[in-house]
Amino acid sequence: MRLFAPLLTPVWAAQLLTGAKSFVDNPLIGSARLNAMGLHVARVRLAHAMTARRRAALAGMVHPEDRVRFDRDGVVEIRDFLPASLFADLRQQIADYRNEAREAVQGDTITRRLALDPTARRAIPAFAAFHNNARWRALTRYVASFDIEPLLYIQSILPNRHVAPPDPQIQFHADTFYPAMKAWLFLEDVPVENGPFTYVKGSHRLTPERIAWERQKSLTVRDGDCRLSARGSFRIMPEELAGLGLPAPTRFAVPANTLVVADTFGFHARTQASVSATRIELWAYGRRNPFRPIKGLDIWSLPGIAERRIGLRWWLADRAAGLVSHPWKAVGIKGAADE
């Protein structure tokens, strides 16, 4: 690496103005000396300032109640989101749908995804009404801070399927150093024993306490014993939350047809399930370069391209499998509820 450092330094420097977050893959991001001088905190502050500007430009589209709750908590829960008849059709069509699936194994948990690509959308006609729902579109874009189409999947969480260490997703963490959006429309009831989503309300805000915590983490994570923190998804222990002025986590043990949209700069986790249940949901993910000044003009959101992105991403990952770690393995034709 030292031999090629003069050639790679411009690349590493350019990554400072992108969403690059790994403290081990980029020696500038991971430099304890630069971070002691304020590099990481400067990136965090700038990313959040630009997010605030983009959100201000999108705020007029959002349901006022949703905006107030999100700005306060960093997460919005909406029960009975879809009309009952539409939700029943959507759930049944998804239950009947089978296609090429991908799975990743983390600890004792399997996560399965089926892309909501053109084939899936033809087979699940009720999806169009959900996808075109104005409240859904406005809220997810506001939280993401970009007028973009999120990646959309049918997702199944299958805990307690392996004799292995616990799923690392049960540790409270922030996905990255800047605001980003994830959303879940739960297709089945999610009781406590099934391992519901958990969020620390208010932890999306960049308070002085959070800035100090980010700075301290940036000095130690590269050489620490937590691989995920070192790659930029900082973990936090529950007993640290009070010191940041944060409340106890909220568990979203919710009925079917509940929509949850969250800023995953806020601390969140998957609760440890006590049974081998299967949690099925529509899952969305929206993230762009946090330093991008404009909220729109996104080629990946164009019709005809947006719904094909997941297949392209999987295809490219398969081609690069020998060079880059790729956790999402093809598992053949499956449905969301299959074992």
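Before any of the text, the structure's been laid out above.
Now for a look at the structure at hand. Model, not experiment: these values are computed from the prediction.

Turning next to the overall build of the chain. A count of helical and extended segments in the chain gives 11 helices and 11 strands. A compact globule built from 339 residues would reach a C-alpha radius of gyration of about 20 Å, and the chain, at 20 Å, matches this within 12%. Principal axes of the C-alpha set define a box for the chain whose edges measure 55 × 45 × 45 Å. Burial statistics for the chain: of 339 residues in total, 52% are counted as buried. A sequence separation of at least 24 residues applies to 84% of the contacts in the chain between residues at least 6 apart. A total accessible area of about 15500 Å² is found for the chain, and carbon and sulfur atoms account for 58% of it. One way to put it: in the chain the 46 positive side-chain charges average out to a point 7 Å from where the 33 negative ones average out.

Moving on: the pairing of strand S5 (residues 181-186). Most of S5 sits out of view: 6 of its 6 residues are buried. Taking every second residue as pointing to the same face, both faces of S5 are buried, with Met181, Ala183 and Leu185 on one and Lys182, Trp184 and Phe186 on the other. Pairing of S5 with strand S8 (residues 258-263), which is carried by 6 bridges, proceeds in the antiparallel orientation. Looking at S8, one finds that Lys182 is bridged to Ala262. Sheet analysis places S5 next to strand S10 (residues 279-286), joined by 6 bridges and oriented antiparallel. Across the sheet, Met181 pairs through a bridge with Gly286, a residue of S10.

This part covers the pattern of salt bridges. Scanning all chains against the criterion turns up 23 salt bridges. One salt bridge connects Arg79 with Glu77, and the closest N-O pair in it is separated by 2.6 Å. Judged by relative accessible area, which is 22%, Glu77 ranks as partly exposed. Taking the shortest distance from any N to any O, the salt bridge between Asp147 and Arg141 comes out at 2.9 Å. Among the charged side chains, a network of salt bridges with common partners joins Glu65, Asp66, Arg69 and Arg135.

What follows concerns the nonpolar core. One broad trend across soluble globular proteins is that nonpolar side chains are buried collectively. One finds Leu90, Ile124, Ile154, Leu185 and Leu282 to be the most contacted residues of the largest nonpolar core, which totals 40 residues. Of all the secondary structure elements, the ones that give two or more residues to this core are strand S1 (75-78), helix H5 (84-96), helix H7 (127-131), helix H8 (134-144), strand S4 (151-158), S5, S8 and S10. Tallying contributions element by element places H8 first for this core, with 6 residues. If sequence neighbours within four positions are ignored, Leu90 has contacts with Leu82, Ile124, Ala126, Phe127, Leu185, Leu187 and Leu282. Formed by 19 residues, the second largest nonpolar core is a distinct cluster that contains Tyr153, Tyr199, Phe252 and Trp283.

What follows is about the environment of Ala134. Along the polypeptide, Ala134 turns up in helix H8. For the pair Ala134 and His63, spaced 71 residues apart in the sequence, the C-alpha separation amounts to 9.4 Å.

The next thing to look at is helix H4 (residues 64-73). For H4, every residue scored as buried is listed here: Asp66, Arg69, Phe70 and Asp73. In a view along the axis of H4, the buried residues occupy a sector of 100 degrees, so they form one face of it. The exposed set on the far side of H4, more than 90 degrees from its buried face, consists of Pro64 and Val68.

What counts and how
Residues numbered from 1 in each chain as written. Predicted model: local features only at pLDDT ≥ 70, side-chain atom pairs only at ≥ 80, totals over all residues. Heavy atoms only, no water. Helix = DSSP H or I, 4+ residues; strand = E, 2+ residues; numbered from the N terminus. Rg over C-alpha atoms; globule rule 2.2 N^0.38 Å. Buried < 20%, exposed > 50% of the residue type's maximum accessible area, 1.4 Å probe, protein only. Contact = heavy atoms within 4.5 Å. Areas by Shrake-Rupley, 256 points an atom, 1.4 Å probe, with all protein chains shown as cover. Lys, Arg positive; Asp, Glu negative; His and termini not counted. Charge placed at Lys NZ, Arg CZ, Asp CG, Glu CD. Pairing = 2+ DSSP bridges. Salt bridge = Lys/Arg side-chain N within 4 Å of Asp/Glu carboxyl O. Core = buried A, V, L, I, M, F, W, Y, C linked by side-chain atoms within 4.5 Å. Arc of directions from axis to C-beta.

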